[in-house]
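Summary of structural features
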Amino acid sequence: VKLFFSFSHEGQIYPCALIEHFSRVGRGPDPNTGMWKVKLLLDRQKNRVQTVEHLDVIYQSAHLIPVFGDGPLPDDFHLSFSLDVFNSYYVNRYADHHTFEIVF
């Protein structure tokens, strides 16, 4: 979820979320961590696939851990950019057992 928001139409309030979609990397969990890896889902023009969804259709959230790579992060790096700068992420199986079982 990138953003929670609501809007009203004809007196009805609709609570929604902007959802960024991911796709699975590989056919199984990472052998070193035991966690699945995911990457941003892109359309044919290389744009991120995002949708607006009513909160009622969200079944479960997932905690993503960036795959950091070998180099250090810049000193001025802020965690709010995490979903914008990394190429892939681990689905954290240790934060919430139910998430991992439902998704994979």
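Fair warning: this is a prediction, and the values are worked out from it, not measured in the lab. (Residues numbered from 1 in each chain as written. Predicted model: local features only at pLDDT ≥ 70, side-chain atom pairs only at ≥ 80, totals over all residues. Heavy atoms only, no water.)

**Side note on unusual backbone geometry**
Phi is positive for Glu-10, close to 50 degrees, though the residue is something other than glycine. In this fold, Glu-10 is placed in the loop between strand 1 (3-9) and strand 2 (12-20). With relative accessibility at 78%, the residue Glu-10 sits in the exposed group. Residues other than glycine seldom take positive phi values, yet Lys-46 does so here, at roughly 70 degrees. Its location among the elements puts Lys-46 in the loop between strand 4 (37-40) and strand 5 (50-54). (Helix = DSSP H or I, 4+ residues; strand = E, 2+ residues; numbered from the N terminus. Buried < 20%, exposed > 50% of the residue type's maximum accessible area, 1.4 Å probe, protein only.)

**Observations regarding the sheet that holds strand 3 (residues 22-25)**
Within the open sheet, the four strands sit side by side as 3-4-7-6. Their pairing is antiparallel. Both edges of this open sheet fall to strand 3 and strand 6 (64-66), since each of them pairs with a single strand only. Strand-to-strand twist across the sheet, computed as the mean angle between neighbouring axes with direction ignored, equals 40 degrees. Relative to strand 7 (residues 88-91), strand 4 is paired through three bridges, and the arrangement is antiparallel. Looking at the pairing, Lys-37 lines up with Tyr-90 of strand 7. (Pairing = 2+ DSSP bridges. Axes fitted to C-alpha atoms, helices over the stretch in contact; angles between N-to-C directions.)

**Some thoughts on the side chain of Ser-88**
Secondary-structure assignment places Ser-88 in strand 7. The buried category is assigned to Ser-88, whose relative accessible area is 14%. Non-local contacts of Ser-88, meaning those with residues more than four positions away in its chain, are made with Lys-37, Val-38, Lys-39, Pro-66 and Val-67. (Contact = heavy atoms within 4.5 Å.)

**A short note on the pairing of strand 4**
Pairing analysis gives four bridges linking strand 3 to strand 4, with the strands arranged antiparallel. For Ser-23, the partnering residue across the bridge sits in strand 4 and is Lys-39.

**Examining the sheet that holds strand 1**
Read from one edge to the other, the open sheet built from three strands follows the order 1-2-5, with strand pairing classed as antiparallel. Edge strands, defined here as strands with exactly one partner in the open sheet, are strand 1 and strand 5. For this sheet, the mean inter-axis angle between neighbouring strands, taken without regard to orientation, is 30 degrees. Relative to strand 5, strand 2 runs antiparallel, the two being bridged by five bridges. Bridge pairing in strand 5 links Ala-17 to Glu-53.

**A closer look at the pattern of salt bridges**
One side chain can pair with another of opposite charge once the charged atoms of both are near each other. Under the counting rule described, the total for this entry stands at four salt bridges. The residue Lys-2 makes a salt bridge to Glu-20 at a minimum N-O spacing of 3.8 Å. With Lys-2 in the segment before strand 1 and Glu-20 in strand 2, this pair connects stretches of sequence that are 18 residues apart. Overall, Lys-2 belongs to the partly exposed group, its relative accessible area being 33%. Of the residues examined, Glu-20 reaches a relative accessible area of 6% and is grouped as buried. In this structure, a network of salt bridges that share partners links the residues Lys-2, Glu-20, Arg-48 and Asp-84. (Salt bridge = Lys/Arg side-chain N within 4 Å of Asp/Glu carboxyl O.)

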